[in-house]
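Fold and geometry: a report
For reference, the chains in residue letters:
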Amino acid sequence: MKKFMYSILVIIVVFALATVWVLNLPVFGSVSEGTRLEKLKKLSNFKADGTLENLSPTPMKPDSVSYWDMLVGMIKGNDNSSPKKALPHVKPDFTTSNKTTLIWFGHSSYYLQVDGVKVLVDPVFSERPSPFSFIGTRNFKGTDFVKVEDFPYLDIVLITHDHYDHLDYQSILKLKSKTKLFITSLGVGAHLERWGVPADKIVELAWNENVTANGLRFIATPARHFTGRGFKRNQTLWSAFVLQGASHKLYLGGDSGYDTHFKQVGEKYGPFDLAILECGQYNAFWPLIHMFPEQTVQAAKDLNAKVLLPVHWGKFALAMHSWDDPAIRVAKQAKADNFKITTPLLGESVVLDEHYPSKEWWLDLGK
């Protein structure tokens, strides 16, 4: 019996040591310390347990849903969660221009030029949005058409929060030498510094703080979500961002469940020429942390946006819905509400005031 108990103890110790070693790998980032931690502690939504909270109560799941329900649903899966064919794309045009342009690469990664300033948002160009290259869902066929090496020297990389499908370790390693400035939510800078981004190239913002860089004004605003790259959640902030240029104002939504903050931001900072809002990875099992497509249209209306670009779909299957369900539903709702929507091909340029691609290209792929 003693030998058995000793063996169990050894297994527990080995497992604990292995866990500590794994979580200390660079890909998991770093926790905030010193001045950064003190600033986090001063936020009104910082809790006594060392975590941050949303403006509204936001449980990860409804009381009626068990983790067993979620596990069964994930195991059951969906045969149409990934497209059967490669997604179409066009070669991105990174030519310098004073026009306000946007190029979407699938999920939440996109490139902006505003007043000639080059901005890359939530760059994820690895095969999987995962800490390890051999674990997790792979990107859809046809979505690996652009690499970090293809981008010109960037003025700004903006990161909304630290989840793996928005903050990719391998992409940052390649971008840090070709980017002038990183703008992100408070706390995320600890990850970037560990990965070799100099502290003087990082600007972290709490909600309603702002910075002007290269003539563009960025304002961090509340979102309804969560963060974390390890076991403990919500030690870094999650944000949306207002981007104000000379001629256009954009809302860069990041990840967020639906709530009253869209209306509040619209009243305080709107109207917006374009709202880029998440529209994917939703489920009734977690209804408060990601929007359903119909809510995405409502959020754009709340923001008083002229045009909606739905993102957070078209590259990875991180939920159980069909891969094209976000596009089908958001397009249907936009038509019902007579709300302008743009749905570019991957790599296709959207040019504000001139060109808003609206072809429902996902219908051409069949089932």
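1. Topic: the overall build of the protein
A tally of regular secondary structure across the protein gives eight helices and 13 strands. Computed over C-alpha atoms, the radius of gyration of the protein comes to 21 Å, within 12% of the 21 Å expected from 2.2 N^0.38 for 367 residues, which places it in the range of a compact globule. In the protein, which comprises 367 residues, the share counted as buried stands at 56%. For the protein, the proportion of contacts with a sequence separation of at least 24, taken over those separated by at least 6, is 69%. Of the roughly 16,500 Å² of accessible surface on the protein, a fraction of 56% belongs to carbon and sulfur atoms.

2. Focus: the side chain of H107
Residue placement: H107 occurs in the loop between β1 (101-104) and β2 (110-114). Given a relative accessible area of 1%, H107 falls into the buried group. Those residues in contact with H107 that lie beyond four places of it in its chain are D165, H166, Q281, V311, H312, W313, G314, K315, F316 and L318.

3. Side note on the sheet that holds strand β7 (residues 210-213)
Strand order in this open sheet of six strands is β7-β8-β9-β10-β11-β12, and the pairing throughout is mixed. Edge positions in the open sheet fall to β7 and β12 (308-311), since each of these has one partner strand only. Adjacent strand axes in the sheet meet at a mean angle of 15°, parallel and antiparallel pairs treated alike. Across the sheet, helix α7 (residues 293-302) lies against β11 (274-278) and β12, angled at about 150° from β11, the strand it touches most.

4. Considerations on the pattern of salt bridges
Tallied over the full model, the rule gives 16 salt bridges. Where E38 meets K41, a salt bridge forms, and the shortest distance between an N and an O atom there is 3.9 Å. Note that E38 and K41 are positioned in helix α2 (residues 34-41) at a spacing of three residues, about one turn of the helix. The class for E38 is partly exposed, based on a relative accessible area of 42%.

5. Details of the packing of aromatic side chains
Per the stated rule, a full pass over the model turns up 22 aromatic pairs. Plain terms: the ring middles of Y111 and F151 are 6.1 Å apart, the flat faces sit at 40° to each other, and that makes the pair tilted. Residue Y111 is located in strand β2, and its partner F151 is located in the loop between β3 (117-121) and β4 (154-159); the two are separated by 40 residues in the primary sequence. Exposure remark for Y111: the relative accessible area of 1% places this residue in the buried category. Judged by relative accessible area, F151 falls into the buried class, the value being 4%. The structure contains a cluster of three or more aromatic residues connected by ring pairs, namely F94, F105, Y111, F125, F145 and F151.

6. Describing the confidence of the model for the protein
Per-residue confidence for the protein gives a mean pLDDT of 93, with 93% of residues at or over 70. Segment residues 2-7: pLDDT under 50, and zero contacts once partners within four positions in sequence are set aside and those in other chains are kept. Contacts of residues 9-21 to residues separated by more than four positions or lying in other chains number one contact, the stretch itself having pLDDT below 50.

How each quantity is defined
Residues numbered from 1 in each chain as written. Predicted model: local features only at pLDDT ≥ 70, side-chain atom pairs only at ≥ 80, totals over all residues. Heavy atoms only, no water. Helix = DSSP H or I, 4+ residues; strand = E, 2+ residues; numbered from the N terminus. Rg over C-alpha atoms; globule rule 2.2 N^0.38 Å. Buried < 20%, exposed > 50% of the residue type's maximum accessible area, 1.4 Å probe, protein only. Contact = heavy atoms within 4.5 Å. Areas by Shrake-Rupley, 256 points an atom, 1.4 Å probe, with all protein chains shown as cover. Pairing = 2+ DSSP bridges. Axes fitted to C-alpha atoms, helices over the stretch in contact; angles between N-to-C directions. Salt bridge = Lys/Arg side-chain N within 4 Å of Asp/Glu carboxyl O. Phe/Tyr/Trp six-rings, centres within 6.5 Å; stacked < 30°, edge-to-face > 60°. pLDDT = per-residue confidence, 0-100.

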